[in-house]
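Chain residues, written in single-letter form:
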Amino acid sequence: MSTTICQVMGFLVSSLGVGGSIMATAMDTWSTQDLYDNPVTAVFQYQGLWRSCVRQSSGFTECRPYFTILGLPAMFQAVRALMIVGIVLGLLGLFVCIFALKCIRIGSMEDTAKANMTLTSGIMFIVAGLCAITGVSVFANMLVTNFWMSTTNMYQGMQNVQNRYTFGSALFVGWVAGGLALVGGIMMCLACKGLVPEESRYKAVSYNASGRNISYRTGPYKGGSGYEADPRTRKGVGYEETPRSEDGRRPYPSKYDYV
């Protein structure tokens, strides 16, 4: 029962994590304009992975997608790739996990197959969570670097007005989603251990002798010469013992023996 609960909870938590990763990737508020010491407050700018938007004080919002790929920074494109890979792995993990649930029976699927599928989906969720956390962290590092560079230039008098960007809500959604996917993957891996049947964990190994079983038999005991084998065992296949007389001697051949 505990294995089923752990598996179902891992599936639900991982589903929330994958859904949060999709939501964070589609959001436009990865970076928002810092309004501190900014004299221009009539226009508010924010940017996402796919487009940048401007919102005016009148409530009008205009968004413009990025029409270039090669013109974007390399780290920006790496963040895109990490989020897409995490989403694809998460969706594949959900698809595999549905068939691996212990409460769902599909044909004559054995528990060993379900355990392998559970482990596979758990690994996929863990990798998807790590991709989401890494992508969001890289973007956050870019924001911190640009923020302090803009602040330094502004206080040195190089530019009077400098737009600085800070963390947006999409970053926090991505961090939480990556953590949920990671925790769900760990729960699925733990549930895999309980799905393995007991008889398949410890398998007895039987060893058989490679050669033929040879039995040894000793001959009759004689006081003078010790153990001697039966003389019939030393003769050939076609050997036949000639009859003996009552006193133990062989009779002389007669003329009828040569006919």
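Structure's up top.
Residues numbered from 1 in each chain as written. Predicted model: local features only at pLDDT ≥ 70, side-chain atom pairs only at ≥ 80, totals over all residues. Heavy atoms only, no water.

1. Digging into the packing of aromatic side chains
- Under the counting rule described, the total for this entry stands at 8 aromatic pairs.
- Relative to Phe172, the ring of Phe167 has its centre 6.5 Å away and its plane inclined at 70°; by these criteria the two rings are edge-to-face.
- In this structure Phe167 comes out as partly exposed when scored by relative accessible area, which is 31%.
- Relative accessible area serves as the criterion here: at 46%, Phe172 is assigned to the partly exposed category.
- A centroid spacing of 5.9 Å and a plane angle of 65° characterise the contact between Phe172 and Trp175, whose relative ring orientation is edge-to-face. A residue pair is termed a helical-turn pair when its members lie 3 or 4 positions apart in one helix, as Phe172 and Trp175 do in helix H4 (residues 169-195) at 3 residues.
- Overall, the relative accessible area of 28% leaves Trp175 in the partly exposed class.
- Counting every residue linked through ring pairs, the aromatic cluster contains Trp30, Tyr66, Phe76 and Phe139. (Phe/Tyr/Trp six-rings, centres within 6.5 Å; stacked < 30°, edge-to-face > 60°. Buried < 20%, exposed > 50% of the residue type's maximum accessible area, 1.4 Å probe, protein only. Helix = DSSP H or I, 4+ residues; strand = E, 2+ residues; numbered from the N terminus.)

2. A look at the pattern of salt bridges
- Applying the stated rule across the entire model yields 1 salt bridge.
- Of the charged contacts, one joins Arg51 and Asp28 as a salt bridge, the two residues approaching to 2.8 Å between their closest N and O atoms. Of this pair, Arg51 sits in strand S3 (residues 51-56) while Asp28 sits in the loop between helix H1 (2-26) and strand S1 (31-33), and the two are 23 residues apart along the sequence. (Salt bridge = Lys/Arg side-chain N within 4 Å of Asp/Glu carboxyl O.)

3. Re the packing of H1 against H4
- Their axes nearest at 7 Å, the elements H1 and H4 cross at an angle of 155°. With respect to H4, the axis of H1 lies roughly antiparallel. The handedness of the crossing between H1 and H4 comes out as left-handed.
- Broken down by class, the residue content of the contact of H1 with H4 amounts to 16 nonpolar, 11 polar and no charged. (Axes fitted to C-alpha atoms, helices over the stretch in contact; angles between N-to-C directions. Parallel < 35°, antiparallel > 145°, perpendicular 65-115°, else oblique. Left-handed = near helix turned anticlockwise from the far one by under 90°. Nonpolar A, V, L, I, M, F, W, Y, C, P; charged D, E, K, R; others polar.)

Such coordinate-based values are descriptive only and should not be taken to indicate function.
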